[in-house]
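A structural walkthrough
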Amino acid sequence: MAEILTNSKARRDYHILETFEAGIVLTGTEVKALRAGKGQIRDAFARIEKDEAFLYNAHIDEYSFGNRENHDPKAVRKLLLHKAEIRKLFGLASVKGHALFPLSFFWKNGRVKVVLGVGKGKVEYDKREEIKKRDADRELRRLSMHRTKGK
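Residues numbered from 1 in each chain as written. Predicted model: local features only at pLDDT ≥ 70, side-chain atom pairs only at ≥ 80, totals over all residues. Heavy atoms only, no water.

**Quick word on the nonpolar core**
Side chains that are nonpolar tend, in soluble globular proteins, to be buried together. Threshold: Grouping buried Ala, Val, Leu, Ile, Met, Phe, Trp, Tyr and Cys residues that are joined through side-chain atoms within 4.5 Å yields what is termed a nonpolar core. Buried means the residue's accessible area, taken with a 1.4 Å probe over protein chains only, is under 20% of the maximum for its type, while exposed means over 50%, and partly exposed covers the values in between. Each helix is a run of DSSP H or I of at least 4 residues and each strand a run of E of at least 2, with the numbering of both proceeding from the N terminus. Residues count as neighbours in contact if any of their non-hydrogen atoms are within 4.5 Å of one another.
Phe105 and Leu116 are the most contacted members of the largest nonpolar core, which has 27 residues in total. Looking at this core, the elements that each hand over two or more residues are strand E1 (2–6), strand E2 (14–24), helix H2 (28–35), strand E4 (45–49), strand E5 (52–56), helix H3 (83–93), strand E8 (98–108) and strand E9 (111–121). In terms of residue count, E9 provides more of this core than any other element does, four residues in total. Those residues within four positions of phenylalanine 105 in sequence are excluded, and the remaining contacts are Glu3, Ile4, Leu5, Ile24, Leu34, Ile41, Leu55, Ile60, Val112, Lys113 and Val114. Phe101, Leu103, Phe106 and Val115 belong to the second largest nonpolar core, which has five residues in total.

Given below as C-alpha cells:
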C-alpha cells in the first residue's frame with residue numbers, strides 16, 4: 001500500500017472514531033496526476049446523498065501533458081462503497097458534531113483507494129493536551145536513549 005496523499009489536518013483536528021476503505025471514480029488524467037503526486041485533500045470532505053457517497057473539495061491538479069479533455073481539479077468525485085457501508089456511514093455522519101473526511105489516498109492492486117474517516121471535532125484544550133503528551137513522550141525517549149548510550 002503506497003500512500004499517494006495524506007490529510008495532515010484530519011488527525012490534528014478530529015478524534016477519529018472509525019475508518020472505511022472506499023474506491024473512487026477517476027478519469028485517466030486524474031490517475032496520471034495522482035501518480036505524479038499532484039493533489040491535496042486537506043480541505044476535502046465527503047457527503048452521503050441519495051444512497052451514494054461523494055467526495056467534495058479534493059484538489060487533483062491538471063495533468064501537465066493532458067489535452068483539452070483534461071479534468072476539472074475541484075470536481076465532485078463519486079466514492080465506491082457497498083450499500084451497507086453507505087448506510088452505516090450515513091448513520092455515523094448524521095450525528096451532530098461528526099464529520100466525514102478523507103484521511104489518505106493510496107494504491108491497491110493498481111487502483112486508487114480512499115481511507116474515509118468519521119470523526120468528532122477536537123476542542124482547543126484537547127489539542128494542547130495532545131501536544132503536551134507528545135512532548136513528554138519525546139523527552140522520555142531522549143533521556144532513555146542517553147542513559148543507554150552512557151552505559
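**Some words on the pairing of E2**
Sheet faces and side chains relate simply in a regular strand, where the side chains alternate between the two faces. Applicable threshold: Two strands make a pair as long as DSSP finds a minimum of two bridges between them.
Across nine bridges, the pairing between E2 and E9 is antiparallel. Pairing of histidine 15 across the sheet is with lysine 120, part of E9. Here two bridges tie E2 to strand E7 (residues 77–80), and the two strands are oriented antiparallel to one another. Looking at the pairing, isoleucine 24 lines up with leucine 79 of E7.

**Structural notes on the pattern of salt bridges**
Heads up, the rule is: What makes a salt bridge here is a side-chain nitrogen of Lys or Arg within 4 Å of a carboxyl oxygen of Asp or Glu, nothing more.
Under the criterion given, the structure shown has nine salt bridges. Between arginine 12 and aspartate 13 there is a salt bridge; the shortest N-O distance is 3.1 Å. Judged by its relative accessible area of 46%, arginine 12 falls in the partly exposed class. On the basis of relative accessibility, which here comes to 17%, the residue aspartate 13 falls in the buried class. Residues aspartate 137 and lysine 133 are paired through a salt bridge, measuring 3.7 Å at the closest nitrogen-oxygen approach.

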